[in-house]
Amino acid sequence: MKPAQPTHVSYSAEKTRQFGIVFTTAYPRTGCMAAGTIHVNTLLHYVTTLPIAHISQKEGGTQIKLTIEFSDGGRALFKPMRHPRDQQTLKNQFYFTDFERHNAEIAAFHLDRLLGFRRAVPTVGRTVNITKDLFPLAKGDLLKTFFFSPEKNHCFHGKCSYYCDTAHAICGSPDMLEGSFAVFLPGDAEVPRVHWRHPWRRSYSRRRKAEWEEDDEYCASVKETPPYNEGRRLLDVVDMAVLDFLMGNMDRHHYETIEMFGNNSAPLHLDHGRGFGQAFLDEASILAPLYQCCVMRHSTLATLLRFHTGPERLSAAMVASMARDPLRPVLWPPHLHALDRRLNTVLHVTRRCLHPAKDPNKVIIDDFH
Ligand SMILES: Nc1ncnc2c1ncn2[C@@H]1O[C@H](COP(=O)(O)OP(=O)(O)OP(=O)(O)O)[C@@H](O)[C@H]1O
Ligand SMILES: [Mn+2]
């Protein structure tokens, strides 16, 4: 095989049991990909069935997340269900105050895989019993936040900067609670990651706009700035924009790469809790990297065209892929329709880039080699 130029995350069979992630090179259109899928599905099966041995609140980030440790020492990142699948983002919420959705984390993993990126952490749904699985294992500050609501449901709220109070508690029914379980990445000591500010980051202010929102030539300056001035990174950012537009995720403020792989490796697709919040509104500005830079990988376009022309549309492929998840149906049907509608929009925007281009090979970049 060629020297490592990792395009996907995959897992060695032996390490799978410990959830120790091994990053290996997997080449598209080879048997490696199918083998990777089998390992990932096996891994997700463990995540949904192994007994929980320890829990703690995950530091970092704004909303509550638990680090779950299983009986065999493997770990997962747990995001609890906050509200029903059909509850959309409230009209007066900004993208940075919206609640996170556990089902968005699960659906994003499937979408990322179907698009052929395989850069999202394997994530699966699981129902836990707050009374039996969480409460006996909670300690310290987390333990102090458990209580029974007037409805006699078992609740907790944890300690964090957004929505960690009695008024925004996470409650079971009466103690059963859905959540997303994302396989844990190796620790920073073993596999350090680099954190990058996303060039098309939003302002995270109620009033200010980001530079890219006011400057149509913004991409020209990004293209001159390392690591976007050479190699794969700008195309990766466009792939990320396609993924985010399809699910309506406006919250891509940072992204991470694996330090030891250098700049010629794919960014990780992490943190999709704010996707799938609006089924009837399409946020075109998420595609800014695409329409401001007018570049896209040929393989990405080919995948989008395949889902556009069929026989299997993206929504149907998502339903089939998510049918194995214990929390199926993962998505409210209007979000599935939105995927097909938004896919048409991505193709439309790409066509608008190609139309005036003197050299189409500078818009659709050949990566089939
Ligand atoms: N599967 C994972 N394994 C280990 N660490 C993870 C995993 N997913 C995310 N993280 C780390 O945890 C941090 C917080 O996760 P995430 O971004 O999902 O939470 P968040 O509350 O939405 O954060 P923020 O408010 O910063 O957007 C991330 O910056 C990332 O480095
Ligand atoms: Mn986030």
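Residues numbered from 1 in each chain as written. Chains lettered and ligands numbered in written order. Predicted model: local features only at pLDDT ≥ 70, side-chain atom pairs only at ≥ 80, totals over all residues. Heavy atoms only, no water.

On a regular strand, one side chain projects to one face of the sheet and the next to the other, so that they alternate. A large share of strand β8 (residues 176–183) lies buried, amounting to six of its eight residues. As paired elements, strand β3 (residues 75–80) and β8 share five bridges and run antiparallel to each other. Bridged to Pro80 within β8 is Gly179. Sheet topology places strand β4 (residues 123–129) next to β8; seven bridges connect them, and they run antiparallel. In the sheet register, Thr123 faces β8, and the bridge partner there is Ala182. (Buried < 20%, exposed > 50% of the residue type's maximum accessible area, 1.4 Å probe, protein only. Helix = DSSP H or I, 4+ residues; strand = E, 2+ residues; numbered from the N terminus. Pairing = 2+ DSSP bridges.)

Moving on: the sheet that holds strand β1 (residues 52–57). Pairing is antiparallel in the open sheet, where five strands are placed in the order β1-β2-β3-β8-β4. Bordering the open sheet on either side are β1 and β4, each of which pairs with just one other strand. For this sheet, the mean angle separating the axes of adjacent strands, direction not counted, is 35°. With four bridges connecting them, strand β2 (residues 66–70) and β3 associate as antiparallel partners. The residue bridging Glu69 from the neighbouring strand is Arg75, located in β3. (Axes fitted to C-alpha atoms, helices over the stretch in contact; angles between N-to-C directions.)

Let us now look at the UniProt feature "binding site: ATP" (unreviewed entry) in the protein. Taken from the UniProt record, the annotation "binding site: ATP" (unreviewed entry) applies to Gln63, Lys79, Glu100, Ala182, Val183, Phe184, Leu185, Glu256 and Asp271. Within the secondary structure layout, Leu185 lies in the loop between β8 and β9 (193–197). Excluding residues within four positions of it along the chain, Glu256 makes contact with Arg193, Val194, His195, Trp196, Pro267, Leu268 and Leu270. Within the local environment of Glu256, its side chain forms a polar contact with the side chain of Arg193, the two groups lying 2.4 Å apart. (UniProt positions renumbered as here; feature names shortened; annotations may be inferred. Contact = heavy atoms within 4.5 Å. Polar contact = N/O pair within 3.5 Å; in protein donor to acceptor, adjacent residues only side chain to side chain.)

What follows covers the pattern of salt bridges. Side chains that differ in sign of charge can pair as their charged atoms come close. Under the definition given, this model contains 19 salt bridges. With its nearest N and O atoms 3.7 Å apart, the salt bridge here joins Asp236 to Arg119. Remark: Arg119 occurs in the loop between α3 (102–114) and β4 and Asp236 occurs in helix α8 (residues 233–247); sequence separation between them is 117 residues. The exposure classification of Asp236 matches that of Arg119, with both residues buried. For Asp251, the salt bridge goes to Arg274, with nearest N and O atoms at 3.0 Å. Here Asp251 is found in the loop between α8 and β10 (254–258), whereas its partner Arg274 is found in the loop between β10 and α9 (288–293), with 23 residues between them in sequence. (Salt bridge = Lys/Arg side-chain N within 4 Å of Asp/Glu carboxyl O.)

Turning to the nonpolar core, a few remarks are in order. Of all hydrophobic cores here, the largest spans 53 residues; its most connected members are Leu111, Trp200, Leu246, Met296, Met318 and Val346. Taken together, the elements giving at least two residues each to this core come down to α3, α7 (218–224), α8, α9, α10 (298–309), α11 (314–322) and α12 (333–354). By residue number, the principal contributor to this core is α8, which donates ten residues. With residues near it in sequence (within four places) discarded, Val346 still touches Val242, Phe245, Leu246, Leu287, Leu290, Met296 and Leu304. Residues Val128, Ile170, Leu185 and Ile258 belong to the second largest nonpolar core, which totals 35 residues. (Core = buried A, V, L, I, M, F, W, Y, C linked by side-chain atoms within 4.5 Å.)

Where α10 contacts α12, the axes come no closer than 10 Å and their chain directions differ by 130°. With respect to their mutual orientation, α10 and α12 come out oblique. As for the relative orientation of α10 and α12, their crossing is left-handed in sense. The residues of α12 that touch α10, namely those facing Leu301, Leu304, Leu305, Phe307 and His308, are Leu343, Asn344, Val346, Leu347 and Thr350. Considering only residue class, the contact of α10 with α12 consists of seven nonpolar, three polar and no charged. (Parallel < 35°, antiparallel > 145°, perpendicular 65-115°, else oblique. Left-handed = near helix turned anticlockwise from the far one by under 90°. Nonpolar A, V, L, I, M, F, W, Y, C, P; charged D, E, K, R; others polar.)

So, about the site of ligand 1. Not every one of the 19 residues close to ligand 1 is listed here, only the nearest: Thr62, Lys65, Lys79, Glu100 and Glu256. Separating an oxygen atom of ligand 1 from a side-chain N or O atom of Lys65 is a distance of 2.7 Å. Glu256 is positioned such that a nitrogen or oxygen atom in its side chain is 2.7 Å from an oxygen atom of ligand 1. Protein burial of ligand 1: of its 620 Å² of free accessible surface, 86% is covered by the chains. Secondary-structure elements contributing two or more residues to the shell around ligand 1 are β3, β8 and β9. (Near = heavy atom within 4 Å. Areas by Shrake-Rupley, 256 points an atom, 1.4 Å probe, with all protein chains shown as cover.)

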